[in-house]
Amino acid sequence: MKPFTYERARTPAEAAAAVARHPGAKFIAGGTNLLDLMKLQIEAPAHLVDVNALALDKIEATQEGGLRIGALVRNTALAADERVRRDYGVLARALLAGASAQLRNKATTAGNLLQRTRCPYFYDTNQPCNKRQPGSGCSAIGGYTRQHAVLGASQACIATHPSDMAVAMRALDAAVETVKPDGQRRVIPIADFHRLPGDTPHIETALEPGELITSVSLPKPLGGTHIYRKVRDRASYAFALVSVAAVVQRDGSGRVALGGVAPKPWRDAGADATLPQGAKAAAARLLAGARTTEDNAFKLPLVERTLAAVLGQARSAA
Amino acid sequence: MNSHNPLTVSRRGILIAGAATAAATSLAKDAMAANESPPANAGAVPTASVTLEVNGKPHTLNLDTRTTLLDTLREHLHLTGTKKGCDHGQCGACTVLVDGVRINACLTLAVMHPGAKVTTIEGLGTPRSLHPLQAAFVKHDGYQCGYCTPGQICSAVGMLDELRRGIPSHVSADLNTRPLLSPDELRERMSGNLCRCGAYSNIVEAITEVAGVKT
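Residues numbered from 1 in each chain as written. Chains lettered and ligands numbered in written order. Predicted model: local features only at pLDDT ≥ 70, side-chain atom pairs only at ≥ 80, totals over all residues. Heavy atoms only, no water.

**A few points about the overall build of chain B**
Secondary structure summary: chain B contains seven helices and five strands in total. Order of helices (α) and strands (β) in chain B, N terminus to C terminus: α-β-β-α-β-β-β-α-α-α-α-α. When contacts within chain B are restricted to residue pairs at least 6 apart in sequence, those whose partners lie at least 24 apart make up 52%. Looking at chain B as shown, the accessible area adds up to about 11500 Å², and 56% of this sits on carbon and sulfur atoms. (Helix = DSSP H or I, 4+ residues; strand = E, 2+ residues; numbered from the N terminus. Contact = heavy atoms within 4.5 Å. Areas by Shrake-Rupley, 256 points an atom, 1.4 Å probe, with all protein chains shown as cover.)

**So, the sheet that holds strand E1 (residues 5–8) of chain A**
All names here are of chain A. An order of E1-E3-E2 is seen for the three strands of this open sheet, with the pairing classed as parallel. At either end of the open sheet lies a strand with only one pairing partner, and these are E1 and strand E2 (25–28). Along the sheet, successive strands turn relative to each other by an average axial angle of 25 degrees, direction set aside. Packed onto the sheet, helix H1 (residues 12–21) meets E1, E2 and strand E3 (47–50) and runs at close to 150 degrees relative to E2. (Pairing = 2+ DSSP bridges. Axes fitted to C-alpha atoms, helices over the stretch in contact; angles between N-to-C directions.)

**Side note on the nonpolar core**
Core analysis: the biggest nonpolar cluster contains 53 residues, and Leu78, Leu91, Leu113 and Met169 of chain A have the highest contact counts within it. Other than its neighbours up to four places away in sequence, leucine 78 of chain A contacts Ile59, Ile69, Val73, Val84, Leu91, Leu95, Thr109, Met165 and Met169 of chain A. (Core = buried A, V, L, I, M, F, W, Y, C linked by side-chain atoms within 4.5 Å. Buried < 20%, exposed > 50% of the residue type's maximum accessible area, 1.4 Å probe, protein only.)

**Looking at the interface of chain B and chain A**
Many authors give the size of an interface as the accessible area that is lost as the parts come together. Contacts between chain B and chain A engage 40 residues on the former and 39 residues on the latter. When the two sides are added together, the surface that chain B and chain A hide from each other amounts to roughly 3200 Å², 58% of it contributed by carbon and sulfur. When the buried area of chain B at its contact with chain A is split by residue, Leu107, Met112 and Leu175 of chain B rank highest and sum to 21% of it. Here chain B is connected to chain A by one salt bridge. On inspection of chain B and its partner chain A, the count reaches 18 residue pairs in polar contact (both at pLDDT 80 or more). For the side of chain B that touches chain A, the secondary-structure elements that each account for two or more residues are strand E4 (101–104), helix H5 (149–164) and helix H6 (183–189) of chain B. Element by element, the count of residues in the side of chain B that touches chain A is highest for E4 of chain B, at four residues. In the side of chain B that touches chain A, the residues fall into 13 nonpolar, 20 polar and seven charged. (Buried area = accessible area lost by both parts, 1.4 Å probe. Salt bridge = Lys/Arg side-chain N within 4 Å of Asp/Glu carboxyl O. Polar contact = N/O pair within 3.5 Å; in protein donor to acceptor, adjacent residues only side chain to side chain. Nonpolar A, V, L, I, M, F, W, Y, C, P; charged D, E, K, R; others polar.)

**Some points on helix H13 (residues 299–317) of chain A**
All names here are of chain A. A rise of 1.5 Å per residue sets the reference length of H13, with its 19 residues, at 27 Å; its end C-alpha atoms lie 26 Å apart and thus fit the reference within 8%. Buried residues of H13: Lys299, Leu302, Val303, Thr306, Leu307, Val310, Leu311 and Ala314, and no others. An end-on view of H13 places all buried positions within 165 degrees of arc, on one side of the element. The exposed set on the far side of H13, more than 90 degrees from its buried face, consists of Arg305, Arg315 and Ser316. In this structure, the buried residues of H13 make contact with strand E9 (225–231), strand E10 (242–248), strand E11 (254–259) and helix H12 (279–286). (Expected span 1.5 Å × (residues − 1). Arc of directions from axis to C-beta.)

**A few points about the pattern of salt bridges**
Tallied over the entire structure, the rule returns 28 salt bridges over all chains. With a shortest N-O distance of 3.0 Å, arginine 8 of chain A and aspartate 50 of chain A are connected by a salt bridge. A residue pair is termed long-range when its members are at least 10 positions apart, and arginine 8 of chain A in strand E1 and aspartate 50 of chain A in strand E3 qualify at 42 residues. Residue classification places arginine 8 of chain A among the partly exposed residues on the basis of a relative accessible area of 32%. Classification of aspartate 50 of chain A by relative accessible area gives buried; the value is 0%. A salt bridge links lysine 84 of chain B to aspartate 71 of chain B; the shortest N-O distance between them is 3.0 Å. In this pair, lysine 84 of chain B sits in the loop between helix H2 (69–76) and strand E3 (95–98) while aspartate 71 of chain B sits in helix H2, placing the two residues 13 residues apart along the sequence. A network of salt bridges, in which partner residues are shared, links Lys26, Glu43, Arg116, Lys131 and Glu204 of chain A.

**Considerations on the side chain of threonine 108 of chain B**
Position of threonine 108 of chain B relative to the elements: it lies in the loop between E4 and strand E5 (117–119). Among the polar contacts listed, one links the side chain of threonine 108 of chain B to the side chain of histidine 113 of chain B, at a separation of 2.7 Å. The contact partners of threonine 108 of chain B, leaving out residues within four places of it in the chain, are Leu35 and Lys106 of chain A together with Thr68, Leu69, Ile103 and His113 of chain B.

**Focus: the packing of helix H4 (residues 132–139) of chain B against H5 of chain B**
The geometry of a pair of packed helices is captured by two quantities: the angle between their axes and the separation between those axes. All names here are of chain B. Direction vectors running N to C along H4 and H5 enclose 125 degrees, while the axes themselves pass 10 Å from each other. The pairing of H4 with H5 is recorded here as oblique in orientation. Between H4 and H5 lies a crossing of right-handed hand. Of H5, the residues touching H4 (which contributes Leu133, Gln134 and Phe137) are Thr149, Gln152, Ile153, Ala156, Val157 and Leu160. Along the lines of polarity and charge, the residues of the contact of H4 with H5 split into six nonpolar, three polar and no charged. (Parallel < 35°, antiparallel > 145°, perpendicular 65-115°, else oblique. Left-handed = near helix turned anticlockwise from the far one by under 90°.)

**Let's talk about H2 of chain B**
Residues and elements named next belong to chain B. Counting buried residues in H2 gives six out of eight residues, a clear majority hidden from the surface. Along H2, the positions that sit buried rather than exposed are Leu69, Leu70, Asp71, Thr72, Leu73 and Arg74. Considering only its buried residues, H2 is in contact with strand E1 (47–54), strand E2 (57–64), E3, E4 and E5. Among the residues trailing H2, histidine 78 stands out with phi positive, at a value near 55 degrees.

**Concerning unusual backbone geometry**
Comment: phi is negative for the bulk of residues other than glycine, and the bulk of peptide bonds are trans. All names here are of chain B. Unusually for a residue other than glycine, aspartate 87 sits at a positive phi of about 65 degrees. Residue position: aspartate 87 is located in the loop between H2 and E3. A positive phi angle is found at aspartate 99, which is not glycine, with a value near 50 degrees. With respect to the helices, strands and loops of the structure, aspartate 99 is situated in the loop between E3 and E4.

The values are spatial; any link to function lies outside them.
What follows is the structure, encoded as structure tokens:
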């Protein structure tokens, strides 16, 4: 790890201002991803602003009948919350499908959204990577690409976003609430929060420098059957090859988002509309424009089959 | 073998060459030191003070801010029961309880935990008075080399508490009913602790016995 100075912030606005004031500063909350990357010197912040003392660890009802999840709510606490289990089962299931219990006990809601790709070339500091070192090239393209994106990738980067939680939040139309260094607040729909790589894969979110996530809000409950199905190489504690987050109503209508296939949780309004016609039609819409390599072409039939399993499960639950 | 081949170098030859390079480098550094003032931050690694309660004893430490909780326990407090396996949160050997909750001590900084109550394997039991899980691991032979065992036991203590608090898992069939301990639940909930000797079946037996007695 490179040396860094450290401070504990007392308010969200103070934290945002502190990061804006120090060049190369970063927020730290759970630290489970950031510290790992700092040990490898993939991240080397000169200053850390610890946000753990901020009062952002509550889950509260919103006026609209939804929930507001504080940025510091730990993944375990979010998955165990009675309201989340009852009304947003897809989110609880997605959280429980990710990482290990030890990591979920520490990892936060905001940090989960901001975690970085697990592309092995991003992690290997001996190899070029446009995300790690802008302009250096992409080692994954032409490399071993079994885990990589089939949708939304670019000539500069084909990494996937690793989060399970974010996929469920995308299906639920969550909104990310932030405060900027000047104290101004804004709300970013989850659909616009993660950016596609284009030619700037190192810019991963819509956040501005120093902008701090304060909470994530969920609209009022959708009802229906909530399913998160994750396909991975091990039964536990592994990242998704493909995952499907779905909320399906009794009449077969619903919404679906994919994980493990793109640089961000993947959703398509046209695919949602075709859901009553079955997995084949919905998968065709979701995967329109997919670009595969020999290594990751298996993800296309896997998406369709996982979606078919999810819709079958929803029918038998309804 | 052709002794004139430049690629054929003896091990002794490499050692001598290496020493020569090191000497040259050190001379170059001395020359630089004489001509250049050191960078402003040279030698001043940022530190911070933190007070932790570890196994019931308070400790105030002034630490390099980079010090993980794991390195604090092992290198500063000499509590070497907590093990460093991967140091990247993948193996679980460093699992400790912080305010009663199991976490990977390698993926958190000590300075992030002012006032925290940390429990390590040394705080769970002693050789004369074993924690029930320690006794059960011995009885069921829940290890071979033993390196992962402190992490397994601290993790199991945290896991049984999570179960008592009704926290669901990936394999819980119904999110809205209280989860019960089954072999499937136990394996899923302990998946953050790897055992490269593969003592898993005995670990499951040891934890199951203690869970059955306690609940």
